[in-house]
Amino acid sequence: MTSTANGTVAHRRRYDVIVVGAGMAGSLVAKQLGRQGWQVLVLEAGTGGRETWEGHLDAVETFRSAVAKVPNSPFRRNAAAPSPDVLDLAPDGVGFTANGYFVQNGELPYGTDYLRAVGGSGMHWMGLCLRMHPDDFATQARYGYGRDWPIGYDDLEPYYTAAEREIGVAGDAEEQRALGIRSDPHDVYPMHKIPPSYVDEVCRSLDGHTVHDPVAVEDFTLTVFSVPHGRNSTPDPRYAGGLGYRPTGAVGLPNYGERCVGNASCVPFCPVQARWTPLRTQAEFADCVTLAPRCVVTQVINGSDGRIRGVEYRTYDDPESAASRPYRAEADVVVVAAHSIENARLLLASGLANGSGELGRNLMDHPTMLTWALTSADGGQIGPFRGPGSTSGWEAFRFGDARAARAPFRIEIGNWGWGWAAGAPMSNVGTALGVGGDREGNIVSAAVFGTKLRHTLGDQIGRQLQLQFAMEQPADRDNRVTIDDRYRDAMGNPRPVLTYNLSEHVKKGIVAAKRVASAIYAQLGAQEHTDHSPRDGVAPLGYFRYRDQDYTYAGAGHGAGTHIMGGDPTSSVVDSFQRCWDHPNLYAVGCGSMPSVGTSNPSLTMVALALRSAEQIHRDLVELHRPANLSGDRARAGGSVTITEVHP
Ligand SMILES: Cc1cc2nc3c(=O)[nH]c(=O)nc-3n(C[C@H](O)[C@H](O)[C@H](O)COP(=O)(O)OP(=O)(O)OC[C@H]3O[C@@H](n4cnc5c(N)ncnc54)[C@H](O)[C@@H]3O)c2cc1C
């Protein structure tokens, strides 16, 4: 790999492929094509450095010293390549204000962020790696809502297996098969599942109990299932027909990360690097892959024949200033892999790929309703704040005909107490000391100190149970990313303008989820403290009122749908290989291509799609009479690129 600190790439030859973005999807495509010997330039808008031990420690320290522990806390602000932040949103009466990178003009807030830095949002993701269920690919045909995929589960199955190998997923394949998520009966995950938390074991006491869903008018049986994770546990010797699993690092390459030791800070940062990040993939780039950080792509350049010629980009030295220099690079194939929202923003700014009028539309997420409760003092402590954010869930509400009546949802059993819902444990400390309010249900009102303070905190925090209900959000053309000349970032690039709302189907799912939550707490003998109501005229963020009840939801970080895939160029942006219908040598890869997101966290599906696209790009390049030299000579040759200053 050739990596440059400031984006001034030294070599001066045309590339086979330019990849825009060194996040999850871009890094995988670059690695796969580099393996085939193609000359690949990866232009990355953000800064790097966290691939070194010193850089890693700097991020850990930045996170430690941040007042608010949110996904982007470990990463310094970057004026040249700004990122949205969950702290940009604030409640305002019963509405909200958005004061950061996103401009928001929708009825409800889009509460999801991402990170523009080497590694992208995979630097702060949770690492849950679920496959989609076969039914998720055809919700319109089966249940009458959303959009169907032009491919199905069986087309993606081998790529799911490859994606799990790439990430080194830890999970229990038997449990997934029991949910109807097909794989070869002998298949196991690369690593054994992450051990269940004590919170999971407490919830498992309800296995076999039933809960009534009043919206779908159906009873569901509760069974706790483990969740597959993109983090190191113990390699399974049965993997690959008994060959076992070795982390992806080949001989001589760094083998990132220790086993998960339950630091309880996976979002945003794993101090022992047990959680997979794209840095592992980048460590395996062949020499013919050049990774250039601090290169903000500003335009994708169209040729007169509809074929893409290359990109314009700007490099900068100081992330605190937007001072930059323009360059141009050319390639046979351009792959935009800049995140679903940034892909749409960049292609809209370039005036490309929008023959269907669908570009930027169908923005999705997994709107997530939080509920919280204190387990009974008699039952003892349940041990939150140990382990990854969630190791298990209740899965029954994801599947079946109930989906026609309301959005399906996945119930994550939270391992981090009321952290997300109420800012625990810091909010508990404030309340116990007599500062801060009690709107999230903290039960101490008079200040306590010393031993009593310790006992109070230990007792309350140790009994905190939070459940996260992640809704499937179907594609909706009115939820969209646009650009507007009035709104630009410091470098002069258009900022994303978002319009977002929740459909009736999703709101019905939230109603059902709230009732299910209350039933579960009642069966556990826990006292529910969920409170979504406005207080003193101010509603919590993500508030809406529906059928005379108050609800709130949060963003999950799962931006999707903005360059939607389909079988017809008049109604979709990319084909099943994520190739833009309007430009045969332009690919838009990432969750933006997904026509539906089911109830699975989307990145494993995105990685599977990226691996499938990389194969097609290889075929395209071979067809262009530029055959790969499989002897590896090209792979060792080193990168080079045509770079011209467009405004010297
Ligand atoms: C808090 C949080 C937790 C999450 N947890 C999970 C989880 O548990 N499981 C799951 O499946 N998913 C999870 N996700 C979602 C996951 O992070 C994303 O789906 C995934 O990272 C998207 O990958 P991507 O490659 O498309 O984009 P990114 O990973 O965001 O990478 C895009 C890259 O492009 C670069 N870029 C952007 N604009 C430009 C430009 N103009 N020029 C050059 N480069 C550019 C960016 O700097 C970045 O490096 C989570 C997200 C968040 C926010």
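Because the structure is a prediction, the values reported are computed rather than measured.

What counts and how
Residues numbered from 1 in each chain as written. Predicted model: local features only at pLDDT ≥ 70, side-chain atom pairs only at ≥ 80, totals over all residues. Heavy atoms only, no water. Helix = DSSP H or I, 4+ residues; strand = E, 2+ residues; numbered from the N terminus. Rg over C-alpha atoms; globule rule 2.2 N^0.38 Å. Buried < 20%, exposed > 50% of the residue type's maximum accessible area, 1.4 Å probe, protein only. Contact = heavy atoms within 4.5 Å. Areas by Shrake-Rupley, 256 points an atom, 1.4 Å probe, with all protein chains shown as cover. Near = heavy atom within 4 Å. Polar contact = N/O pair within 3.5 Å; in protein donor to acceptor, adjacent residues only side chain to side chain. Nonpolar A, V, L, I, M, F, W, Y, C, P; charged D, E, K, R; others polar. 1 Å grid on protein atoms, 1.4 Å probe; cavity = no way out; pocket = protein on both sides within 12 Å on 5 of 7 lines; lining within 4 Å. Points joined across faces, edges and corners; volume = space filled by probe spheres on them. Pairing = 2+ DSSP bridges.

**Considerations on the overall build of the protein**
Per the secondary structure count, the protein includes 16 helices and 24 strands. Since a compact globule built from 648 residues should have a radius of gyration of about 26 Å, the 24 Å found for the protein is in line with a globular shape. Projected onto its principal axes, the C-alpha positions of the protein cover 70 × 55 × 50 Å. In the protein, which comprises 648 residues, the share counted as buried stands at 62%. Counting only contacts in the protein whose residues sit at least 6 apart along the sequence, the fraction spanning at least 24 positions is 74%. Carbon and sulfur atoms provide 51% of the accessible area of the protein, an area that totals close to 23600 Å².

**Comments concerning the site of the ligand**
Taken together, the neighbourhood of the ligand is formed by 38 residues, with Glu-44, Ala-117, Ser-121, Leu-128 and Ser-603 sitting nearest. The backbone of Ala-45 places a nitrogen or oxygen atom 3.0 Å from a nitrogen atom of the ligand. Residue Gly-120 places a main-chain N or O atom 3.4 Å away from an oxygen atom belonging to the ligand. Out of a free accessible area of 1000 Å², the ligand has 97% covered by protein chains. Only α1 (24-35), β11 (295-302), α9 (340-350) and α15 (603-623) provide two or more residues apiece to the shell around the ligand. Class assignment of the residues belonging to the shell around the ligand gives a composition of 21 nonpolar, 12 polar and 5 charged.

**As for unusual backbone geometry**
The omega torsion across Val-267 and Pro-268 is 15°, close enough to zero to call that bond cis. Among the structural elements, Pro-268 can be located in the loop between α7 (239-242) and α8 (278-282). Cis rather than trans, the peptide bond between Ala-424 and Pro-425 has omega equal to 5°. Among the secondary structure elements, Pro-425 is positioned in the loop between α11 (419-422) and α12 (426-432). The phi dihedral of Ala-240 falls on the positive side, at around 55°, and the residue is not glycine.

**Some remarks on the side chain of Asn-232**
Its place among the elements puts Asn-232 in the loop between β9 (224-226) and α7. At 3.2 Å, the side chain of Asn-232 and the side chain of Arg-280 are in polar contact.

**Examining empty space enclosed by the protein**
Evaluation of the coordinates by the stated rule reveals 4 cavities of 30 Å³ or more. Estimates place the volume of the largest cavity at around 120 Å³. Looking at the largest cavity, it is lined by 11 residues, and the ones nearest its centre are His-56, Met-123, Gln-273, Arg-275 and Thr-277. Classifying every residue of the lining of the largest cavity gives 5 nonpolar, 3 polar and 3 charged. Considered as a void within the structure, the second largest cavity measures approximately 80 Å³ in volume. Asp-85, Asp-88, Leu-89, Phe-102 and Gln-104 are the residues nearest the centre of the second largest cavity, which is lined by 15 residues in total. Within the lining of the second largest cavity, the residues separate by chemical class into 7 nonpolar, 5 polar and 3 charged.

**Quick word on the sheet that holds strand β6 (residues 103-104)**
Taken together, the 3 strands give an open sheet; going across it, the order is β6-β19-β18, and neighbouring strands pair in mixed fashion. At either margin of the open sheet sits one strand with a lone partner, and together these are β6 and β18 (480-482). As defined by bridge partners, β6 adjoins strand β19 (residues 497-499) across 2 bridges and the pair is classed as parallel. Across the sheet, residue Val-103 finds its bridge partner in β19, namely Val-497.

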